[in-house]
2 protein chains.
Amino acid sequence: MTALNAIPTVDPGLALEIARQLERVVDRISGQMTSSIPEVEELCRHVEKYRGKMLRPVLTLLCGAASKGGSLQDGASEAHITVAAVVEMINLATLVHDDVLDDADTRRGAPTIARMRSSEVAVILGDFLLSQAYHLCSMLDSQKTSLRVGEITSTVCEGEMLQLVRRGRVDIEEKTYFTIVERKTAALIAVACELGARHSGADDETAQRFYDYGRDLGVAFQIQDDLLDLVGDEGVVGKTLGKDIEMGKVTLPVLHHLKACDARERADLTTLIRAQIPLNGERSSVVRRLHETGSVQYARNVAADLVERAKARILPLPGSGAKDQLLVMADQVIRRDA
Amino acid sequence: MTALNAIPTVDPGLALEIARQLERVVDRISGQMTSSIPEVEELCRHVEKYRGKMLRPVLTLLCGAASKGGSLQDGASEAHITVAAVVEMINLATLVHDDVLDDADTRRGAPTIARMRSSEVAVILGDFLLSQAYHLCSMLDSQKTSLRVGEITSTVCEGEMLQLVRRGRVDIEEKTYFTIVERKTAALIAVACELGARHSGADDETAQRFYDYGRDLGVAFQIQDDLLDLVGDEGVVGKTLGKDIEMGKVTLPVLHHLKACDARERADLTTLIRAQIPLNGERSSVVRRLHETGSVQYARNVAADLVERAKARILPLPGSGAKDQLLVMADQVIRRDA
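Residues numbered from 1 in each chain as written. Chains lettered and ligands numbered in written order. Predicted model: local features only at pLDDT ≥ 70, side-chain atom pairs only at ≥ 80, totals over all residues.

Engineer: Tell me what's going on with the overall build of chain A, and back it up with residues and numbers.
Structural biologist: Counting its regular elements, chain A contains 16 helices and two strands. Since a compact globule built from 338 residues should have a radius of gyration of about 20 Å, the 20 Å found for chain A is in line with a globular shape. Across its three principal axes, chain A shows a C-alpha extent of roughly 60 × 50 × 35 Å. Counting the 338 residues in chain A, one finds 53% classified as buried. (Helix = DSSP H or I, 4+ residues; strand = E, 2+ residues; numbered from the N terminus. Rg over C-alpha atoms; globule rule 2.2 N^0.38 Å. Buried ≥ 20, exposed ≤ 12 C-beta atoms within 10 Å, placed from the backbone.)

So, in structure tokens, the structure goes:
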């Protein structure tokens, strides 16, 4: 359970309580991510290796706590644990399908399902996880959460599709980049926050604040992911880097660079992006050129601005340890190296 | 709307009423299978071409009518229309992903999404359709239907996975074949029947009868599909045939043949199934040999027995036009040539 171990904590008691709640979330996921068919069960156990920092469940729990005066001492409600598990399972399902789309070798240091077995197996396993996530969500008292989760998952798919059909296109606008990222990444993080608050009885305005916090933080999170794919350390990140350019995905720093660089460099990079071939040793050269046009710094600045905006969303809310932790987590999103 | 046009009807008034209800189902599907992202919207419209006889929605409506005295004259409830739409959307989503698994060229005469665009696009579109189906299901008053739909969709995935990991295996037992078919095909048909009945207020025993009717009918339906893949007419079926052997899927007639034929023929066919290569002109030769061992007839007999069993499930229920139509539909499942 790396969640709060990896980031600065503002209250050791709260950190301990979150860690306890996360164990319940993990148990709920394991209890739901299971099958009587041995072949499916085995794959479910493998997918558990993809679990990372559990960002979405932590946000659900913290937003839930922040919405009821900042305390989780009474224990998160069963509904919070379920919502946190559902959101994480949807995330895991999309990761399994993402690895098919990205033709990826590893995920958090473990081989991807697509590579270990086949793309076909990964397609069906992702469907199974998605279906089990909805099944779990349907165990909640009201349909409202299922309705929201269904809506957001469709939004995530729309973002993925938009990115997919834009692959290899260097002429996309920054606006389109943000439309993609808000949908494919930020929407699920945002709803993890919103639903945590709603299940603590937050009113519409407060729930919206948490949603907006999560969305801004989510976009910053994706920009940091894009940056790590360029400037990160493969051993630390736990997957092959440079994949975005290889897959023809034009991310924010590259988008900036394409506008800032000269015509010859633009032509070279465009060729590389359109080719959708292995970068091999070229990643460091691309990064050097991105640094020269200030494009890495530009993306970092945009992410930092988003983090400040995320924090401002929840600043007006009553003070609590959970709220303070949410502020720290926002900062951490762009400080992480994995 | 081919549903009841293609099969003998027992009551013209009922047939007309079902046709009217199906228009509402189609409208509900179109209203839900939509996106503000033009690229997704366009693909949704293409998927509408895959809509066939609407077997599952028809069953939901008929089982609903049979459970409330056989009449649909008062109009199916909003819930019946929603359930019928949900089940059909889940079917469409699995078809889109199936075409990735089967590397298929066409579906109901239209190019598959995987072929028209890419496997990646098909993966995301299938996810979107699945998600939109759950979203629609969450609009119902109670979570019970969502819970059941989630459970059954997971069952479908388990069946698909079992079939996938058994590809190229000629040593599977008949029992495993039925486990696969009950899950990947029959479970969704069965739940379409059960939920139709439940939303008409059927008690547990009656709902179970309709489920069992649907499951038996569903297995027979799949056996007929397997037979059509061998002995069907490509122009009529609307897709490339002989695909099961090409994809290493050992279906019931082939399973029977492998036991009934001599050692040399067994070795030849085993090689063909394991190779997973295009059959080209060999389909007719395979079919001839299957006829010689009585394997085509064997599969037809098993399907016919299942149809009789399906009919026996609902025979004890009160008489009605809807019930009579369900009896006729069971027969039709194994008489169809597409």
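Engineer: Provide a residue-level description of the interface of chain A and chain B, including the pertinent values.
Structural biologist: Contact residues are listed per partner, giving 35 residues for chain A and 35 residues for chain B. Elements with a contribution of two residues or more to the side of chain A that touches chain B: α2 (38-47), α4 (78-102), α6 (119-137) and α7 (143-165) of chain A. In terms of residue count, the dominant contributor to the side of chain A that touches chain B is α7 of chain A (14 residues). Residue classes in the side of chain A that touches chain B are distributed as 17 nonpolar, twelve polar and six charged. (Contact = placed C-beta atoms within 7 Å. Nonpolar A, V, L, I, M, F, W, Y, C, P; charged D, E, K, R; others polar.)

Engineer: Got a sec to walk through the relation of the copies chain A and chain B? Specific residues and values, please.
Structural biologist: After a rotation of 180 degrees and a shift along the axis of 0.0 Å, chain A superposes on chain B with an RMSD of 0.0 Å. A rotation of that kind, with that shift, is consistent with a two-fold axis. Relative to the rotation axis, the C-alpha of Q143 of chain A is the closest in chain A, positioned 3.0 Å from it. A symmetric contact is evident, with 100% of the interface residues of chain A recurring at the interface of chain B. (Least-squares fit on C-alpha atoms with pLDDT ≥ 70 in both.)

Engineer: Any chance you could break down the nonpolar core for me, citing the residues and the numbers?
Structural biologist: Nonpolar side chains in soluble globular proteins tend to be buried together. Ranked by size, the top nonpolar core spans 202 residues in total, and within it M89 and L129 of chain A together with M89 and L129 of chain B carry the most contacts. Residues within four places of M89 of chain A in sequence aside, it is in contact with I29, Q32, M33, L129, Q132, A133 and L136 of chain A. (Core = buried A, V, L, I, M, F, W, Y, C linked by C-beta atoms within 7 Å.)

Engineer: Can you explain α2 of chain A? Please cite residues and give values.
Structural biologist: Residues separated by three or four positions in an α-helix point in the same direction, a consequence of the helix having 3.6 residues per turn. For α2 of chain A, the set of buried residues is V40, L43 and V47 of chain A. Along α2 of chain A, the residues classed as buried sweep out an arc of 65 degrees about the axis, all on the same side. Away from the buried face of α2 of chain A by more than 90 degrees, exposed residues P38, E42 and R45 of chain A are located. Taken together, the buried residues of α2 of chain A touch α4, α5 (113-116) and α6 of chain A together with α7 (143-165) of chain B. (Arc of directions from axis to C-beta.)

Engineer: How would you sum up the environment of E120 of chain B? Please name residues and give values.
Structural biologist: Turning to its location among the elements, E120 of chain B is positioned in helix α6 (residues 119-137). Through-space distance from the C-alpha of E120 of chain B to that of P316 of chain B is 48 Å; in sequence the pair is 196 residues apart.

Engineer: Give me unusual backbone geometry: which residues, what numbers.
Structural biologist: Residue R108 of chain A is not a glycine yet carries a positive backbone phi of 50 degrees. The residue R108 of chain A is located in the loop between β1 (106-107) and β2 (110-111) in this model. In this structure R108 of chain A comes out as partly exposed when scored by C-beta crowding, with 14 C-beta atoms within 10 Å. Positive phi, normally seen in glycine, also occurs at M54 of chain B, with a value near 55 degrees. Tracing the sequence through the fold places M54 of chain B in the loop between α2 (38-47) and α3 (55-67). A count of 23 C-beta atoms within 10 Å places M54 of chain B in the buried class.

Engineer: Please set out the confidence of the model for chain A residue by residue, giving values where relevant.
Structural biologist: Any segment with low pLDDT has predicted coordinates that should not be analysed in fine detail. Residues and elements named next belong to chain A. Taken as a whole, chain A shows an average pLDDT of 93; of its residues, 96% reach a score of 70 or greater. Ranking the elements of chain A by mean pLDDT puts β1 last with 84 and helix α15 (residues 295-314) first with 98. Across the whole predicted complex the pTM is 0.95, and at the interface the ipTM reaches 0.95. (pLDDT = per-residue confidence, 0-100.)

Engineer: Talk me through the environment of G201 of chain A; I want residue IDs and the actual numbers.
Structural biologist: All names here are of chain A. Assignment of secondary structure puts G201 in the loop between α8 (174-198) and α9 (204-231). Between the C-alpha atoms of G201 and G52, which are 149 residues apart in sequence, the distance is 29 Å. Among residues more than four places away in sequence, those in contact with G201 are S67 and K68.

Engineer: Hey, could you go over the environment of P38 of chain A for me, with residue numbers and the actual values?
Structural biologist: Residue and element names in this part refer to chain A. Its location among the elements puts P38 in helix α2. For P38, a count of 10 C-beta atoms within 10 Å corresponds to the exposed category. P38 sits 15 residues away from K53 along the chain, and the two C-alpha atoms are 28 Å apart.

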